[in-house]
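Residues per chain, in single letters:
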Amino acid sequence: MILVTGATGQLGKLTIDFLLQKGIVANQITALSRNTEKAKELEAKGINVKIGDYDDLASLTAAFSGVEKLLLISSNEMTKSRAMQHINAINAAKECSVKHIVYTGYMRKEENPSSPLWFLVKDHIDTEKYLIESGITYTLFENGYYLDMLMDYVGQNVLDAKTIFVPAKDGKVNFVLRSDIAEGLANVLTTGGHENKSYNIGNEKAVSFSEIAQMITDITGTPIQYVSPEPQLYTKTLIENGVPEMWANVFTAFAVAFADGIMNIDTTDLTKLLSRKPTTVIEYLKNQFNK
Ligand SMILES: NC(=O)c1ccc[n+]([C@@H]2O[C@H](COP(=O)([O-])OP(=O)(O)OC[C@H]3O[C@@H](n4cnc5c(N)ncnc54)[C@H](OP(=O)(O)O)[C@@H]3O)[C@@H](O)[C@H]2O)c1
């Protein structure tokens, strides 16, 4: 039995679909959900649903009984310790003798407490350390930045604005499509050889925002410039344009960390897991601009 947490979320749903495509029978997959209503779509596919919450250890222990492999998708909480939530899941898995945990973390070039992203990355570091020390077989997916979210930085109106405005300087970022990560996860959950391994999950090459501006220029014929403002000006501009302050701060923290090169990692790990190249930034942008 494979159990997928975060199964009502975007990455979890996609991974379950890939597991089904790979011939895993629906009744051999369990989805963890906090909410019966949200899980109805999964139930309709014949997936077992267990109700559980990362904050409720007993609910996780009840849900993980009989599970062989666990896909632990990191929580999306911003206001509490995600590490404690993940540690609850690891403790429950240990209690239930789960054999293998696949965990989704973050790609990072270095572990620097002064990084503006430390508040996010530290939870992954603490979770991964705890998982490795638990003695349970693990596989770590160190995911790049979701390519699906690139347009949040580029701006949906980029062809009118003719400018990409992000304080990422010349920093390169490894962008990766959620569905490529999901396919990689499904491959790891259904094949051997991934025991106690850590993978950087991304495209073969990281790209900078000036390269992205050039790609959009080439694709659309509209000249796009790239401007890297001061971070404070960027935050202020986001807030003035209706982005809630907390999210404006999160977007800025990512952009400043991009400038520092936190996700400037080239990798062929996902290429190998997929036996093909992941969707590139230019392929994604061509699709966005219908070219
Ligand atoms: N690499 C990147 O660029 C990037 C970007 C954003 C996020 N992430 C991380 O990747 C994860 C997966 O991405 P995604 O796009 O699938 O996110 P998502 O759509 O927001 O899904 C997150 C899932 O986590 C579940 N969850 C949250 N708190 C929980 C709790 N206390 N107990 C049990 N389940 C809980 C949610 O359940 P409900 O459906 O009940 O809310 C949802 O199913 C995110 O949670 C986040 O940690 C990565």
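Residues numbered from 1 in each chain as written. Predicted model: local features only at pLDDT ≥ 70, side-chain atom pairs only at ≥ 80, totals over all residues.

Visitor: Run through the overall build of the chain, naming residues and quoting values.
Guide: Each helix and strand in the chain was counted, giving 13 helices and 13 strands. In summary, the chain has a C-alpha radius of gyration of 20 Å against a globular reference of 19 Å for 291 residues, a match within 12%. Counting only C-alpha atoms, the chain reaches 55 × 40 × 35 Å along its principal axes. Across the 291 residues of the chain, 41% fall into the buried class. Sequence separation of 24 or more characterises 77% of the internal contacts of the chain that already satisfy a separation of 6 or more. (Helix = DSSP H or I, 4+ residues; strand = E, 2+ residues; numbered from the N terminus. Rg over C-alpha atoms; globule rule 2.2 N^0.38 Å. Buried ≥ 20, exposed ≤ 12 C-beta atoms within 10 Å, placed from the backbone. Contact = placed C-beta atoms within 7 Å.)

Visitor: How would you sum up the site of the ligand? Please name residues and give values.
Guide: Around the ligand, a shell composed of 23 residues is seen, among which Gly6, Thr8, Gly9, Leu11 and Asn76 lie nearest. If you list the elements that add at least two residues to the shell around the ligand, you get α1 (10-21) and β7 (145-146). Ranked by residue count, the leading element in the shell around the ligand is α1, at three residues. Split by residue class, the shell around the ligand holds five nonpolar, 13 polar and five charged. (Near = placed C-beta within 6 Å. Nonpolar A, V, L, I, M, F, W, Y, C, P; charged D, E, K, R; others polar.)

Visitor: I'd like a description of the sheet that holds strand β6 (residues 137-143), backed by residues and values.
Guide: Overall, parallel pairing links the seven strands, which are arranged β3-β2-β1-β4-β5-β6-β11 in an open sheet. Only two strands of the sheet have a single partner each, and these edge strands are β3 (48-51) and β11 (197-201). Neighbouring strand axes in the sheet, compared pairwise and without regard to direction, differ in orientation by 20 degrees on average. Where strand β4 (residues 69-72) lies against strand β5 (residues 100-106), four bridges are found, and the strand directions are parallel. (Pairing = 2+ DSSP bridges. Axes fitted to C-alpha atoms, helices over the stretch in contact; angles between N-to-C directions.)

Visitor: Got a sec to walk through the environment of Phe251? Specific residues and values, please.
Guide: Turning to its location among the elements, Phe251 is positioned in helix α11 (residues 245-259). Overall, Phe251 belongs to the partly exposed group, with 19 C-beta atoms counted inside 10 Å. A sequence separation of 70 residues divides Phe251 from Ile181, and the C-alpha atoms of the two residues are 22 Å apart.

Visitor: An account of the environment of Met1 is requested, with residue identities and associated values reported.
Guide: As for its position among the elements, Met1 is in the segment before β1 (2-4). The exposure class of Met1 is partly exposed, given the 15 C-beta atoms found within 10 Å. C-alpha of Met1 to C-alpha of Met149: the two residues are 148 residues apart in sequence and 32 Å apart in space. Leaving out residues up to four positions away in the same chain, Met1 has contacts with Gln28, Thr30, Gly66, Val67 and Glu68.

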